[in-house]
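Each chain, written out:
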Amino acid sequence: MEPMEDGKDSPLARVSDTGGPIISQTEETPTAFKDTHGTAPHSLSVSDHSSTAETPPFVFEIGTHVSCKFRGTGDWRHAQILSRKEDDGLLQYYVHYLHGDKRNDEWLAERLIQPREAGTSKTTDATAMEEDTEARNIDKILFGCHWMNCWYSSPFPPEILGDNKARVMHMCEYCLLYTPQLSNYLDHRKVCKKTAPPGRSVYCKDELAIFELDGRRHKLYCQCLSLLSKLFLDGKTLFFDVENFYYYVLTVKNHEGRHCPVGYFSKEKQMTTNNLSCILTFPPYQGKGYGRLLIQFSYELSKRDSKYGTPEKPLSDLGRVCYYAYWKHTLIAVMHNNPSCQSLKDLCDATGMLPMDVVVTLNSLGMIQLWDGQFQITVTKSGLDKLYKGLRTPKVEVDPLCVQMDNPVV
């Protein structure tokens, strides 16, 4: 199929007299496609009905430290006010619980907030506060048939969000068009003919497939994918500058024979050792082994390029746990199944892992020592057998015979 970025094959796009995309309010399924930095990539139309509300006589100022009743447990916790709004005459505050995960940030009614009895402080540097944390702009997103609770804020364009009091977004799982309006979303699903991500299929086994996308050639799709992933990744910083990355999208074939994305990882084009920049399994598909499969595929690419690979550092706390589990499992399995593979170079060649990652993992297992300036692997057969028996069988694994890097781009 041809890349969808130009909008020529889509019945949803119209072009203005100046050659740029415009928002249609008269067609049966209105939409707009914009391809400029900071504007709305691949979005369905939305009308803006912004309204202003009078500020009550007494309000907490932005940046004020307060005590809030945490919905998860009902206890009162130290928090900071990041934003406020008036909804149907009721004042609400968006708060961040200090020393807590940002995914717990939430909107609270005024009755659930109290001034701190002592040591009340206010952050006056608004810029510093915004860089540290910001109010989540979308609470839920409908991705195909799955409602997903969002964890973090994502820079969806304000002109698309409009007066989105419901704080929801709807996204087509096949082409990644998005809109806050349910009616537009349902209309689009009736006409969307996409069956798979753009790009080329580089892996296919049973119902699973991986598609390779070039951020330059498939810019709009990759931008939308980045906006979606930011709702669940706190550390992601690139959304619109996607040209220098490859994206590998993992899909599951549904009953219609269409490929539904379940996760992806990105890889910078010019990096010599970093084989992965960002990785995400979408919440409805977590716990199925798809994240591990994507990590394994990134190392399969490194081995095919005759390079040692490693993820971009520093790793997040969750990323560190995932990678250590993968490294540990892989090294133990390779050493157990290949008794002759006992040197550091042998292990790097067999796994595609960077030597330092191998050393760190083996050291944590007590299986390596530095002797006379050289790393020596020290493990007995009985000790290795015990470790191997303790490994869990992966739910899914990459079959190297099913990797197809020579397929044409579609």
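In what follows, the structure referred to is the one given above.
Residues numbered from 1 in each chain as written. Predicted model: local features only at pLDDT ≥ 70, side-chain atom pairs only at ≥ 80, totals over all residues. Heavy atoms only, no water.

Caption draft 1: Focus on the overall build of the protein chain. Helices and strands together make up the secondary structure of the protein chain, namely nine helices and 20 strands. With 410 residues in all, the protein chain has 47% of them scored as buried. When contacts within the protein chain are restricted to residue pairs at least 6 apart in sequence, long-range pairs at least 24 apart make up 59% of them. (Helix = DSSP H or I, 4+ residues; strand = E, 2+ residues; numbered from the N terminus. Buried < 20%, exposed > 50% of the residue type's maximum accessible area, 1.4 Å probe, protein only. Contact = heavy atoms within 4.5 Å.)

Caption draft 2: The sheet that holds strand β4 (residues 76-87), seen in detail. One open sheet accounts for five strands, arranged β6-β5-β4-β3-β7; its pairing is antiparallel. Because the sheet does not close on itself, it has two edges, and the strands there are β6 (106-109) and β7 (113-115). Between one strand and the next, the sheet's axes are offset by a mean angle of 50°, whatever the strand orientation. The pairing of strand β3 (residues 65-69) with β7 spans three bridges and is classified as antiparallel. By the bridge assignment for β7, Cys68 is matched with Ile113. (Pairing = 2+ DSSP bridges. Axes fitted to C-alpha atoms, helices over the stretch in contact; angles between N-to-C directions.)

Caption draft 3: A look at the side chain of His170. For His170, the location among the structural elements is in strand β10 (residues 168-171). Judged by relative accessible area, His170 falls into the buried class, the value being 3%. One polar contact links the side chain of His170 to the main-chain carbonyl oxygen of Pro180, over a distance of 3.4 Å. Excluding its chain neighbours within four sequence positions, the residues that come into contact with His170 are Leu142, Trp147, Leu177, Tyr178, Thr179, Pro180, Gln181, Leu182 and Tyr185. (Polar contact = N/O pair within 3.5 Å; in protein donor to acceptor, adjacent residues only side chain to side chain.)

Caption draft 4: A look at the pattern of salt bridges. Applying the stated criterion across every chain yields a total of 15 salt bridges. Between Arg258 and Glu256 there is a salt bridge whose closest N-O contact spans 3.6 Å. Residues Asp357 and Lys313 are paired through a salt bridge, measuring 3.8 Å at the closest nitrogen-oxygen approach. Here Asp357 is found in helix α8 (residues 355-364), whereas its partner Lys313 is found in the loop between β18 (310-311) and α6 (317-337), with 44 residues between them in sequence. Through salt bridges with shared partners, a single ionic network connects Glu300, Lys303 and Arg304. (Salt bridge = Lys/Arg side-chain N within 4 Å of Asp/Glu carboxyl O.)

Caption draft 5: Quick peek at the packing of α6 against helix α9 (residues 381-389). Where α6 contacts α9, the axes come no closer than 10 Å and their chain directions differ by 130°. Judged by the inter-axis angle, α6 sits oblique to α9. Once α6 is placed against α9, the crossing between them reads as left-handed. For the pair α6 and α9, contact is made by Ile332, Ala333, Met335, His336 and Asn337 and by Leu384, Asp385, Leu387 and Tyr388, respectively. Of the residues that constitute the contact of α6 with α9, the class distribution is six nonpolar, two polar and one charged. (Parallel < 35°, antiparallel > 145°, perpendicular 65-115°, else oblique. Left-handed = near helix turned anticlockwise from the far one by under 90°. Nonpolar A, V, L, I, M, F, W, Y, C, P; charged D, E, K, R; others polar.)

Caption draft 6: Highlighting the nonpolar core. Among the nonpolar cores identified, the biggest contains 77 residues, and Ile141, Phe156, Leu228, Phe297, Leu347 and Leu362 are the most heavily contacted of them. Filtering out sequence-adjacent residues up to four positions away, Leu228 remains in contact with Ile141, Phe143, Met148, Phe156, Met171 and Phe282. Phe60, Val66, Val95 and Ile113 belong to the second largest nonpolar core, which has 14 residues in total. (Core = buried A, V, L, I, M, F, W, Y, C linked by side-chain atoms within 4.5 Å.)

Caption draft 7: Up close: the pairing of strand β14 (residues 245-253). Within β14, seven of the nine residues are buried, which leaves it mostly tucked inside the rest of the structure. Summarising the sheet, strand β13 (residues 208-214) and β14 pair through seven bridges and their orientation is antiparallel. Following the sheet pairing, Leu213 is matched in β14 by Tyr247. Across nine bridges, β14 lies against strand β15 (residues 259-268) in antiparallel orientation. Bridge pairing in β15 links Tyr248 to Phe265.

Caption draft 8: Fine view of the sheet that holds strand β12 (residues 200-205). One open sheet holds the five strands; their spatial order is β12-β13-β14-β15-β17, and the pairing between them is antiparallel. If you trace the sheet from one side to the other, it starts and ends with β12 and β17 (278-281), each paired once. The mean inter-strand angle of the sheet, taken between neighbouring strand axes irrespective of direction, is 20°. Contacting β13, β14, β15 and β17, helix α4 (residues 219-230) crosses the sheet at an angle of about 75° to β14.

Caption draft 9: Structural context of the side chain of Thr361. Here Thr361 is to be found in helix α8. We classify Thr361 as buried; its relative accessible area is 0%. When sequence neighbours within four positions are dropped, the list of residues in contact with Thr361 reads Tyr324, Trp327, Lys328 and Leu331.

Caption draft 10: Spatial organisation of the packing of aromatic side chains. This structure, assessed with the given rule, holds 12 aromatic pairs. A centroid spacing of 5.0 Å and a plane angle of 80° characterise the contact between Phe70 and Tyr97, whose relative ring orientation is edge-to-face. With Phe70 in the loop between β3 and β4 and Tyr97 in strand β5 (residues 90-97), the pair connects residues that are 27 residues apart, well separated along the chain. Between Tyr248 and Phe265 the ring centres are 4.9 Å apart and the planes differ by 20°, which places this aromatic pair in the stacked class. Of the two residues, Tyr248 is situated in strand β14 and Phe265 in strand β15; the sequence distance between them amounts to 17 residues. Each member of the pair Tyr248 and Phe265 is classed as buried. Chaining the aromatic ring pairs together yields one cluster made of Tyr203, Tyr248, Phe265 and Phe297. Over the ring of Trp107 we find Lys85, and its NZ or CZ is 4.4 Å from the ring centre. Over the ring of Tyr174 we find Arg258; its NZ or CZ atom is 3.7 Å from the centre of that ring. (Phe/Tyr/Trp six-rings, centres within 6.5 Å; stacked < 30°, edge-to-face > 60°. Lys NZ or Arg CZ within 6 Å of the ring centre and 35° of its normal.)

Caption draft 11: Quick peek at helix α3 (residues 182-191). All buried positions along α3 are accounted for by Asn184, Tyr185 and His188. In an axial view of α3, the angular spread of the buried residues amounts to 100°, which keeps them on one side of the axis. (Arc of directions from axis to C-beta.)

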